Amino acid sequence: MRRIAYIRTAIVLFLLWISGDSLAQYKVKGIVFDSSRVYRIEAVTVMSTGGRTTTTDSLGRYQIEVAEQDSIWFSFLGKPTPKYPVLKIADVSRFDISLQLKTNVMEEVKIRNRSYKMDSIQNRKDYAKVFNYQKVSVGSMTSIGSMGAAIDLQELIRLFQFRKNKATLKFQERLLEQERTRFVDHRFNKNLVKRLTSLDGEELDRFMTLYRPTYEFTLAAGEYDFQLYIKTAFGQFKGQGTRSF
């Protein structure tokens, strides 16, 4: 009986692997506009439930490869749209959408800066499945129960989803890198640097580029050490305008 069960499992996995590789692939293309459908929006993130992601270019255009069972959605300034199933899109080559945006974009950015912590928490919730994704291992596939060792069929199936696993891990790393960048931006911001150095304009921009701290230092440094770093860097900036540490 156990041998028959293993054979059945192998057949199911083989069929799933074949069907997974033969699923129809599409390229969804379109343009993202603002609510007036006059202005095109750059840097909108486009994502699929299959793990792929892209962003709109300077003309608001995007292109993303998806499978027929996927859905796609858009995110701008941390605000995601509903998900659109690929099979319900009438024309995948011209899937244009419009986003509701505030007219004063700078005002919206300031609000995000003040609520960085809540925004970060919300981002973790929105992409919890990706952030919590882990590679399949022997430990995740097996469990010990009263009947002895057992194989988790779902984990075994996931082991053979090579392309999906690779895409999800790549998307996870991108989200983590974005999170690290935003954290440094949050602490090493122009208001703080300007207050400590009195720099402004092009000099302020140049200083922030030359002396942008690493994520590891920004995470570990307390408020006193972080401000001391900025003041010390400013002393070097005034003296020679180069970074030596």
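The coordinates are above.
Remember, it's a predicted structure, so these values are computed and weren't measured experimentally.

Cut-offs used in this document
Residues numbered from 1 in each chain as written. Predicted model: local features only at pLDDT ≥ 70, side-chain atom pairs only at ≥ 80, totals over all residues. Heavy atoms only, no water. Helix = DSSP H or I, 4+ residues; strand = E, 2+ residues; numbered from the N terminus. Core = buried A, V, L, I, M, F, W, Y, C linked by side-chain atoms within 4.5 Å. Buried < 20%, exposed > 50% of the residue type's maximum accessible area, 1.4 Å probe, protein only. Pairing = 2+ DSSP bridges. Axes fitted to C-alpha atoms, helices over the stretch in contact; angles between N-to-C directions. Arc of directions from axis to C-beta. Phe/Tyr/Trp six-rings, centres within 6.5 Å; stacked < 30°, edge-to-face > 60°. Lys NZ or Arg CZ within 6 Å of the ring centre and 35° of its normal.

1. Observations concerning the environment of S198
Here is step 1 of the chain: With respect to the element layout, S198 can be found in the loop between α8 (190-197) and α9 (201-210).
Here is step 2 of the chain: Distance in space between the C-alpha atoms of S198 and F234 is 9.9 Å, their sequence separation being 36 residues.

2. A word on the nonpolar core
Here is step 1 of the chain: Core analysis: the largest hydrophobic core is formed by 17 residues, its most contacted members being F188, V193, F207 and I230.
Here is step 2 of the chain: Contributing elements (two or more residues each) for this core: α8, α9 and α11 (223-239).
Here is step 3 of the chain: At six residues, the largest contribution of residues to this core is made by α11.
Here is step 4 of the chain: Of all hydrophobic cores here, the second largest spans 16 residues; its members include V32, I41, V46 and I97.

3. Some words on the sheet that holds strand β4 (residues 61-67)
Here is step 1 of the chain: Pairing is mixed across the open sheet formed by three strands, whose spatial order is β4-β1-β8. Edge strands, defined here as strands with exactly one partner in the open sheet, are β4 and β8 (97-99). Averaged over neighbouring strand pairs, the angle between their axes works out to 35° when direction is ignored.
Here is step 2 of the chain: As defined by bridge partners, strand β1 (residues 25-34) adjoins β8 across three bridges and the pair is classed as parallel. Residue pairing for β8: F33 is matched across the bridge by S98.

4. Some words on the pairing of strand β5 (residues 71-76)
Here is the key point about a regular strand: its side chains alternate between the two faces of the sheet.
Here is step 1 of the chain: Extensive coverage of β5 is indicated by the burial of six of its six residues.
Here is step 2 of the chain: Going residue by residue along β5, you find S71, W73 and S75 tucked away on one face and I72, F74 and F76 tucked away on the opposite face as well.
Here is step 3 of the chain: Two elements, strand β2 (residues 45-48) and β5, share four bridges in a ladder whose sense is antiparallel. Looking at β5, one finds that T45 is bridged to S75.
Here is step 4 of the chain: As defined by bridge partners, β5 adjoins strand β7 (residues 84-85) across two bridges and the pair is classed as antiparallel. Directly across from I72, in β7, lies its bridge partner Y84.
Here is step 5 of the chain: The pairing of β5 with strand β6 (residues 79-80) spans two bridges and is classified as antiparallel. Considered in β6, the bridge of F76 is made with K79.
Here is step 6 of the chain: Connecting β5 to the next strand, β6, in antiparallel fashion are two residues, including L77 with a positive phi near 55°.

5. What about α9?
Here is step 1 of the chain: If you check which residues of α9 are buried, you get L204, F207 and M208. Down the axis of α9, the buried side of the element spans an arc of 95°, and every buried residue falls inside it. α9 presents E202 and T209 as exposed residues on the side facing more than 90 degrees away from its buried surface.

6. Side note on the packing of aromatic side chains
Here is step 1 of the chain: Applying the stated criterion to the full structure yields ten aromatic pairs.
Here is step 2 of the chain: When the ring of F74 is compared with that of Y84, the centres are 6.3 Å apart and the planes differ by 65°; the resulting orientation is edge-to-face. Taken as a pair, F74 in strand β5 and Y84 in strand β7 lie far apart in primary sequence, ten residues in all.
Here is step 3 of the chain: Relative accessible area serves as the criterion here: at 27%, Y84 is assigned to the partly exposed category.
Here is step 4 of the chain: Ring centres 6.3 Å apart and planes at 80° place the aromatic pair Y211 and F237 in the edge-to-face group. With Y211 in the loop between α9 and α10 (215-220) and F237 in helix α11, this pair connects stretches of sequence that are 26 residues apart. The two residues Y211 and F237 agree in class, both being buried.
Here is step 5 of the chain: Three or more aromatic residues joined by ring pairs form one cluster here, namely Y62, F74, Y84 and F95.
Here is step 6 of the chain: Lying across the ring of W73, K83 places its NZ or CZ 4.6 Å from the centre.
Here is step 7 of the chain: Positioned above the aromatic ring of F226 is the side chain of R187, whose terminal nitrogen or guanidinium carbon lies 4.3 Å from the ring centre.

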